[in-house]
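# Coordinate analysis (summary)
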Amino acid sequence: MKVNKIVIGCDHAAYDLKLKVIAHLNAQGIETEDVGTHSTESCDYPNYADALCKKITSGEYERGILICGTGIGMSIAANKHKGIRAACCSDTFSARLTREHNDANVLCFGARVVGEGLAYDLVDLFVSTDYEGGKHARRVAMLDELDK
Ligand code: RB5
């Protein structure tokens, strides 16, 4: 089932793409909360990953999107938070499967890696693809154990 609200963040490298992604999500009725950054001025991506992950671990949001230059720094920072399963994706197969198999709650990608059209496809899959559970639930539970 498609989520009806999502939290989103970026660093300076991804500011322009983030605004386009927000407009794309809003156009389909998905509310967005933007945790920043709010300009193209150079900034530190871990701050925005941290702000976004706290909105998810607190239960305020189910899923979030983090965009930096590569998506990698954001995913590393996000995965340091207990309960966060962040996936850095630059193809649609991975974006779909990380929802179905990993129950990923944060999607990361790079504004210097993917174009605008692919970014829209990635976020569309991420907001609309359900977790399959079943045999994958045991493995996701093992990820939770690794948090401890
Ligand atoms: C910023 O130059 C860049 O390092 C950042 O956006 C990101 O790609 C880090 O992983």
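These numbers come from a predicted model, not from an experiment.

## Quick word on the overall build of the protein
Looking only at helices and strands, one finds 6 helices and 5 strands in the protein. Listed N to C, the secondary structure of the protein is β-α-β-α-β-α-β-α-β-α-α in terms of helices and strands. Taking 148 residues into account, the globule formula puts the C-alpha radius of gyration at 15 Å, and the protein, at 14 Å, falls close to it. Counting only C-alpha atoms, the protein reaches 45 × 30 × 25 Å along its principal axes. Going through the 148 residues of the protein one by one, you find that 47% of them count as buried. Partitioning the contacts of the protein with sequence separation of at least 6, the portion at a separation of at least 24 is 71%. Working note: accessible area of the protein is about 7200 Å², and carbon and sulfur atoms make up 50% of it. Side-chain charges of the protein comprise 17 positive and 21 negative groups, with the mean position of each set lying 6 Å from the other.

## Here we look at the site of the ligand
Surveying the vicinity of the ligand reveals the residues Asp11, His12, Ala13, Tyr45, Cys68, Gly69, Thr70, Gly73 and Arg112. In this structure, an oxygen atom belonging to the ligand sits 2.7 Å away from a main-chain N or O atom of Gly69. Here Arg112 contributes a side-chain N or O atom positioned 3.3 Å from an oxygen atom of the ligand. In isolation the ligand offers 290 Å² of accessible surface; the protein chains occlude 71% of this area. Of the residues belonging to the shell around the ligand, the class tally is 3 nonpolar, 4 polar and 2 charged.

## Looking at the pairing of strand β2 (residues 31-34)
Here 4 bridges tie strand β1 (residues 5-10) to β2, and the two strands are oriented parallel to one another. Counted as the bridge partner of Ile6 is Thr32 from β2. One crossover worth recording links β1 to the parallel β2 by way of helix α1 (residues 15-27), and it is right-handed.

## Points about the nonpolar core
A general trend in soluble globular proteins is that nonpolar side chains are found buried together. Ile6, Val21, Leu25, Ile65, Ile67 and Phe109 are the most contacted members of the largest nonpolar core, which has 26 residues in total. Listed by contribution, the elements that provide at least two residues to this core are β1, α1, β3 (64-68), β5 (106-110) and α5 (116-128). Looking at which element gives the most residues to this core, the answer is α5, with 6 residues. The residues touching Leu25, leaving out its near neighbours within four places in the chain, are Ile6, Ile30, Thr32, Ile65, Val123 and Val127. The next biggest cluster of nonpolar side chains, apart from the first, holds 18 residues, and it includes Val7, Tyr48, Tyr61 and Ile84.

## Section: helix α4 (residues 92-100)
Three- or four-residue spacings in an α-helix give side chains the same orientation, since the helix completes a turn every 3.6 residues. Those residues of α4 not exposed but buried are Ala95, Leu97, Thr98, Arg99 and Glu100. A side-chain oxygen of the first residue of α4 lies 3.1 Å from the backbone nitrogen of Phe93; this N-cap is Asp91.

## Quick look at the packing of α1 against α5
It is the contact of α1 with α5, at a shortest axis distance of 10 Å, that shows an interaxial angle of 50°. By the angle class used here, α1 and α5 are oblique. The way α1 lies across α5 gives a crossing that is right-handed. Residue-level contacts link Leu17, Lys20, Val21, His24 and Leu25 of α1 to Glu116, Ala119, Tyr120, Val123, Asp124 and Val127 of α5. Grouping the amino acids of the contact of α1 with α5 by side-chain chemistry returns 7 nonpolar, 1 polar and 3 charged.

Each value, and the rule that gives it
- Residues numbered from 1 in each chain as written.
- Predicted model: local features only at pLDDT ≥ 70, side-chain atom pairs only at ≥ 80, totals over all residues.
- Heavy atoms only, no water.
- Helix = DSSP H or I, 4+ residues; strand = E, 2+ residues; numbered from the N terminus.
- Rg over C-alpha atoms; globule rule 2.2 N^0.38 Å.
- Buried < 20%, exposed > 50% of the residue type's maximum accessible area, 1.4 Å probe, protein only.
- Contact = heavy atoms within 4.5 Å.
- Areas by Shrake-Rupley, 256 points an atom, 1.4 Å probe, with all protein chains shown as cover.
- Lys, Arg positive; Asp, Glu negative; His and termini not counted.
- Charge placed at Lys NZ, Arg CZ, Asp CG, Glu CD.
- Near = heavy atom within 4 Å.
- Polar contact = N/O pair within 3.5 Å; in protein donor to acceptor, adjacent residues only side chain to side chain.
- Nonpolar A, V, L, I, M, F, W, Y, C, P; charged D, E, K, R; others polar.
- Pairing = 2+ DSSP bridges.
- Right-handed = clockwise from strand over helix to strand, strands pointing away.
- Core = buried A, V, L, I, M, F, W, Y, C linked by side-chain atoms within 4.5 Å.
- Axes fitted to C-alpha atoms, helices over the stretch in contact; angles between N-to-C directions.
- Parallel < 35°, antiparallel > 145°, perpendicular 65-115°, else oblique.
- Left-handed = near helix turned anticlockwise from the far one by under 90°.

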